[in-house]
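Observations on the model geometry
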Amino acid sequence: MALSAVKTNNALPDLSQVALVDEVGVKERAARFQTRSIKKESKVEALKMVLSMIDLTTLEGQDTPGKVKQLCQKAIHLHDSLPDLPHVAAVCVYPTMVGVAKKALGNHDINVASVATAFPSGMAPRQIKLEETRIAVEDGADEIDMVISRGAFLQGEYGYVFDEIAAIKEACEPAHLKVILETGELGTLDRVRRASVLAMHAGADFIKTSTGKIQPAATLPVTLVMLQAIRDYYYETDRMVGMKPAGGISTAKLAIHYLVMLRETLGQAWLTPEWYRFGASSLANDVLMQLQKQATGVYQSPDYFSKD
Amino acid sequence: MASGTRVPVAKTYKIYIDGKFPRTESGRYFTLENADAEVLANICRGSRKDFRNAVVAARNAFAGWSVASAYLRGQILYRIAEMLEGRADQFVTELILQGESKRRAQREVEASIDRLIYYAGWSDKYQQIFSSVNPVASSHFNFSVLEPTGVVSVLAPDESGLLGLVSNIAPIIVGGNTCVVLASEQLPLCAVSFAEVLHASDVPGGVVNILTGYREELTEQFASHMDVNAVVYCDGDPDDTKGIQELAADNIKRVIDRVDTDWDDEAAQNPYLIKQTQETKTTWHPIGS
Amino acid sequence: MVKESSKLAFNDGWQYAPAPESTDHFEVDNQYGLFIGGDFIEPANGRYFETINPATEETLSSVALASATDVDRAVKAARKAYNGPWSKMSAADRGKYIFRIARILQERAREFAAIESLDGGKPIRESRDIDVPLSAAHFFYYAGWADKLEYAFPGRKSRSLGVAGQVIPWNFPLLMASWKIAPALACGNTVVLKPAETTPLTAMKLAEVIRDAGLPPGVVNIVTGAGETGAAIVNHPDVDKIAFTGSTEVGRLIQRAIAGTGKKYTLELGGKAANIIFADAAIDQAVEGIVNGIFFNQGHVCCAGSRLFVQESVAEEVVQKLKDRMETLIVGDPLDKNTDIGAINSATQLETIESYLRLGQEEGAEMHQSGCSVPDRGYWCRPTIFTGVSQSNRIVQEEIFGPVLAIQTFRTLEEGLSKANNTPYGLSGGIWTDKGAKIFKMTQSVRAGVIWANTFNKFDPTSPFGGYKESGVGREGGMHGLDAYVRLEV
């Protein structure tokens with residue numbers, strides 16, 4: 001799939017002007033999205049949308065080419081007995097596995113996303129991060145998921161964090177850049193909003209909640225704050241930025257609530273894999289089970305769905 | 001009750017820690033006999049390690065229980081009353097086995113249920129009568145509220161096997177504290193069964209922990225543990241109670257003396273028993289622009 | 001900063017399919033009598049009137065029209081119960097009966113929620129998540145006070161009053177019934193209650209619950225009817241206390257009618273609350289607070305935040321975000337779980353709202369409504385905002401009781417405060433700012449009985465509610481809510 005990757009030459013924004021966030025209010029609004037009841041044809045449509053937005057992910061120290069090939073096989077053949085299934089958006093792996101994934105996916109319209117910049121901690125010298133990014137792109141990555149330097153951010157070194165994102169953005173051309181904020185380490189929703197604004201001004205094509213390696217990972221409240229930041233940025237600059245919640249979304253029901261939240265915050269234009277992704281591994285099978293249940297009327301067992 | 005020649009299944013009495021029913025880690029027991037020296041049951045002779053484990057459980061449970069809404073705590077206490085009402089016969093039987101007359105046993109069980117309802121009703125009210133907004137002279141909004149003190153160790157009344165137990169547990173937990181309770185040594189059966197009632201009532205594990213054992217062995221533990229915030233005792237001569245108070249001083253435990261309380265009397269239930277295991281926090285905030 | 005037109009498209013593409021609440025798990029009778037002396041009995045004159053579903057205009061049931069004779073029977077039954085079993089039983093036992101009502105309401109929660117939405121028009125999500133649970137919680141809270149009254153009044157002994165006559169409105173039918181009945185019973189009184197004529201059904205179901213809970217006959221009596229029935233209750237010489245929630249207009253009539261009778265009374269009347277947003281507020285959450293304050297429950301809320309004051313430097317941003325948010329509000333079938341804004345309660349109320357919409361435009365204000373669709377049959381009003389208004393507009397002064405918001409700007413705290421207080425009403429107010437000191441300054445100075453800081457329309461049985469000035473007298477909820485139902489002696 002072709003993706004737009006925009007180059008920006010913005011200056012560091014004045015983060016003291018970033019909107020304040022009231023946590024209790026955010027949580028109430030997020031909870032309200034969960035009372036939406038999505039049924040029948042709108043549920044089937046939503047389930048298919050979720051599938052098409054999944055970045056099927058394996059990011060383990062114990063990953064091998066064998067594991068990655070199996071994951072790619074799953075990406076291509078989600079559940080052949082269900083007709084008209086969309087394919088997942090991408091497969092997400094470590095840089096050393098990009099080549100394997102690229103080959104295994106062949107001509108299928110599924111992107112290869114690679115984490116980079118010393119994922120998940122981000123604790124490495126700048127040159128190493130840049131080099132890693134370049135290698136991943138050379139090996140065929142269509143998308144780069146980078147992590148911000150949380151330590152620097154928490155120290156208030158916004159210029160440092162900004163420059164780093166801009167540098168990685170440059171190094172990953174023509175791949176598009178997702179910036180992982182690691183919201184679970186940022187502490188407050190105010191900081192999440194600030195980090196979102198910072199990342200977008202530095203050139204992020206997508207902002208992403210988490211590495212999935214720590215708790216809490218993605219939550220509805222954190223995602224809502226990021227969506228609102230994207231909305232305000234869009235009003236200000238006319239530039240769309242994508243969003244990816246990652247980690248902790250393992251049920252179809254929850255994923256649909258994320259889509260409800262997306263629809264009611266940013267509107268229909270973002271409801272495509274071009275602008276929204278789910279970073280997940282076991283979510284796909286739960287979505288498939290729900291689709292099967294919608295088709296047959298019968299609750300399903302995991303035994304009938306492949307685990308790769 | 002056995003019908004005809006059926007062989008009944010005897011109950012094993014365990015202790016209650018962290019929402020589970022283990023035996024005492026020490027493996028020791030003592031025999032509970034009735035007035036005719038017949039064995040009623042083998043009761044766990046709890047150890048200091050049991051107590052230590054119970055305090056850990058109570059401390060872990062405190063974080064969640066202390067911030068549960070008052071409404072939720074009230075609902076849970078009401079539920080305990082519902083469960084106890086449903087099992088009243090079991091408790092009447094146990095009290096009779098331990099030497100009470102049927103009439104007194106029934107009255108004690110009913111009073112225990114009603115006492116739980118009484119305290120359930122205080123959950124969202126004691127804060128209203130004991131808190132205050134203080135009209136300080138400076139331009140500040142100043143308010144004082146009650147907060148639960150933490151983990152409370154309780155030496156339950158030795159002569160009241162159910163009502164005394166309930167009368168001490170209810171005000172402690174309705175106020176958001178967690179507790180470790182040493183059951184009456186002479187009347188321990190209802191305490192263990194009450195643990196089962198708690199377990200069936202949505203009380204989170206660790207909020208109430210109930211041990212059985214010898215007073216003499218365990219009192220020192222209940223009084224001296226450095227991670228217990230308050231100690232409640234209901235029996236003892238002046239030497240005993242002085243001993244408890246001295247040990248409590250090591251971490252400035254709040255000492256709550258309930259010796260000689262007539263638990264049958266209605267005066268024994270009042271919101272001041274809740275207040276005894278609460279701290280007062282006062283906050284200031286400027287009023288201005 | 002913000003572009004002129006909304007560039008976000010909400011309403012094409014992926015839609016939500018209908019998600020109707022099922023109505024096959026309960027029954028509504030064709031006809032209900034008057035609940036007097038523990039039984040449902042026929043009205044003396046044999047007259048009934050219909051209650052309809054405002055979303056479909058279909059008849060749901062017919063209920064008795066209580067005449068003065070019926071009211072007299074009810075008061076007699078209440079007096080008999082008061083002199084008899086109710087005052088003789090222990091306070092703890094009284095409490096137990098009230099706890100039972102709470103528990104049964106929780107068991108039958110889904111049924112009550114569905115009937116509330118059918119009868120009154122409010123979305124099922126609101127009745128399910130707010131009205132019914134809060135009603136049960138009110139009974140639960142006051143049940144606990146029954147045997148603890150000696151702690152509520154320092155230095156005084158409290159005594160019950162006798163028979164309480166209670167008249168409630170149609171915007172929160174079940175909740176208002178619980179607000180009235182629970183404290184009255186806890187303090188040892190007996191009750192004659194009249195629900196609003198357009199929303200009698202949950203009151204009738206509550207009567208069933210009260211009967212099933214085993215309360216002695218006559219402790220609670222529920223008589224259905226309209227204005228005349230209410231007047232009969234207010235004027236009855238053997239009623240000791242009147243509790244009324246409704247319009248200021250009727251509250252005035254009641255206060256006048258009671259003059260010289262020695263009857264105690266509490267009145268919970270209208271409002272035109274100011275919702276004040278400062279530039280240093282958390283804006284996105286403030287916008288949600290605006291929506292909560294005026295659009296939910298179709299704006300049929302006495303404490304609705306119907307006058308918005310936005311500090312001028314953020315006004316454009318707030319209005320833009322509000323408009324975006326309005327586009328995601330779903331107006332429709334109250335029984336659909338996705339509906340945000342249900343039906344307007346009656347044709348009369350819709351006509352009232354529409355006349356204000358016309359008036360606002362005639363007065364020169366700029367009207368904006370969301371673009372959502374509304375069903376063909378039934379009574380509907382889209383969420384509406386008016387800009388270009390000031391304190392002198394009638395739509396800013398008068399209570400509309402619909403999803404209609406009037407928006408003004410302000411510059412300084414003093415100006416915001418002065419305009420907030422510039423009204424004969426004083427029920428509630430909202431303050432949005434991140435600065436704590438400012439919150440307390442505003443709460444200190446806004447002349448209203450309930451002030452929400454960085455939130456809106458929050459209710460709890462422990463929290464007193466009631467107005468200053470023409471928004472009424474007396475408080476409901478909390479320890480303060482007991483005052484209305486006792487006599488204090490030294």
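In short, a report on the structure. Here the residue index of a chain counts from 1 through its sequence in written order. Here every chain gets a letter starting at A, and every ligand a number starting at 1, in the order they are written. In view of the model being predicted, local features appear only for residues whose pLDDT reaches at least 70, and side-chain atom pairs are presented and counted only at 80 or more, with totals across whole chains, interfaces and linings using the full set of residues. By convention in this description, side-chain values take in all heavy atoms of the structure and omit both hydrogens and water.

A few words on the packing of helix α2 (residues 70-86) of chain B against helix α7 (residues 189-199) of chain B. Residues and elements named next belong to chain B. The angle between two axes is taken between their N-to-C directions and runs from 0 to 180 degrees, where each axis is a line fitted to C-alpha atoms and a helix contributes only its stretch in contact. To qualify as a helix, a DSSP run of H or I must reach at least 4 residues; to qualify as a strand, a run of E must reach at least 2; elements of each kind are numbered from the N terminus. Their axes nearest at 9 Å, the elements α2 and α7 cross at an angle of 125 degrees. Considering the angle they form, α2 stands oblique to α7. Here the hand of the crossing between α2 and α7 comes out right-handed. Residue-level contacts link Ile80, Met83 and Leu84 of α2 to Phe194, Val197 and Leu198 of α7. Classification used: nonpolar for Ala, Val, Leu, Ile, Met, Phe, Trp, Tyr, Cys and Pro, charged for Asp, Glu, Lys and Arg, polar for all others including Gly. Taken together, the residues of the contact of α2 with α7 break down into six nonpolar, no polar and no charged. Oblique is the label for every angle not falling under 35 degrees (roughly parallel), over 145 degrees (roughly antiparallel), or within 65 to 115 degrees (roughly perpendicular). Take the far helix as your reference; a near helix turned counterclockwise from it by less than a right angle gives a left-handed crossing, and one turned clockwise gives a right-handed crossing. Working rule for contacts: check all heavy atoms of both residues, and any pair within 4.5 Å makes them a contact.

Our focus in this paragraph is the environment of C:Gly474. Residue and element names in this part refer to chain C. Topologically, Gly474 is positioned in the loop between β19 (472-473) and β20 (486-489). As for Gly474 and Thr266, which are separated by 208 residues in sequence, their C-alpha atoms are 5.1 Å apart. Among all residues touching Gly474, those that are not within four sequence positions of it are Thr266, Phe465, Gly466 and Gly467.

On to the interface of chain B and chain C, then. Counting from both sides, the interface comprises 24 residues of chain B and, opposite them, 26 residues of chain C. Accessible area, probed at 1.4 Å, shrinks when two parts are joined; the buried area is that loss added up over both. Of the roughly 2200 Å² buried between chain B and chain C on both sides combined, carbon and sulfur atoms contribute 64%. Here, a salt bridge means any Lys or Arg side-chain nitrogen found within 4 Å of an Asp or Glu carboxyl oxygen. Of the charged contacts, one joins C:Lys96 and B:Asp114 as a salt bridge, the two residues approaching to 2.6 Å between their closest N and O atoms. Pairs of N or O atoms within 3.5 Å make up the polar contacts considered here, provided that, within protein, one atom can donate a hydrogen while the other can accept it, and that residues adjacent in sequence are counted only when both atoms are side-chain atoms. Our enumeration of links across chain B and chain C arrives at ten residue pairs in polar contact (both at pLDDT 80 or more). Among the elements that line the side of chain B that touches chain C, the one with the most residues is α2(B), at six residues.

Contacts between the two partners involve 38 residues from chain A and, on the opposite side, 43 residues from chain C. For the pair chain A and chain C, the summed buried area comes to about 3400 Å², and 49% of that belongs to carbon and sulfur atoms. At the junction of chain A with chain C, the criterion picks out eight salt bridges. The interface formed by chain A and chain C holds 25 residue pairs in polar contact (both at pLDDT 80 or more) in total. When contributions to the side of chain A that touches chain C are tallied by element, the ones reaching two or more residues are α1 (23-33), α2 (40-53), α9 (220-237) and α10 (252-266) of chain A. At seven residues, α10(A) tops the list of elements feeding residues into the side of chain A that touches chain C. Grouping the amino acids of the side of chain A that touches chain C by side-chain chemistry returns 14 nonpolar, eight polar and 16 charged.

Here we come to the sheet that holds strand β8 (residues 230-233) of chain B. Residue and element names in this part refer to chain B. For two strands to be treated as a pair, DSSP must find no fewer than two bridges joining them. Taking strand neighbours across the sheet as the criterion, the five strands line up as β7-β6-β5-β8-β9 in an open arrangement whose pairing is parallel. Since the sheet does not close on itself, it has two edges, and those belong to β7 (208-211) and β9 (254-257), each with one partner. Shown here is a sheet whose adjacent strand axes are inclined to one another by a mean of 15 degrees, direction ignored. Along the sheet, helix α1 (residues 48-65) makes contact with β5 (151-155), β6 (178-182) and β7, crossing β6 at roughly 155 degrees.

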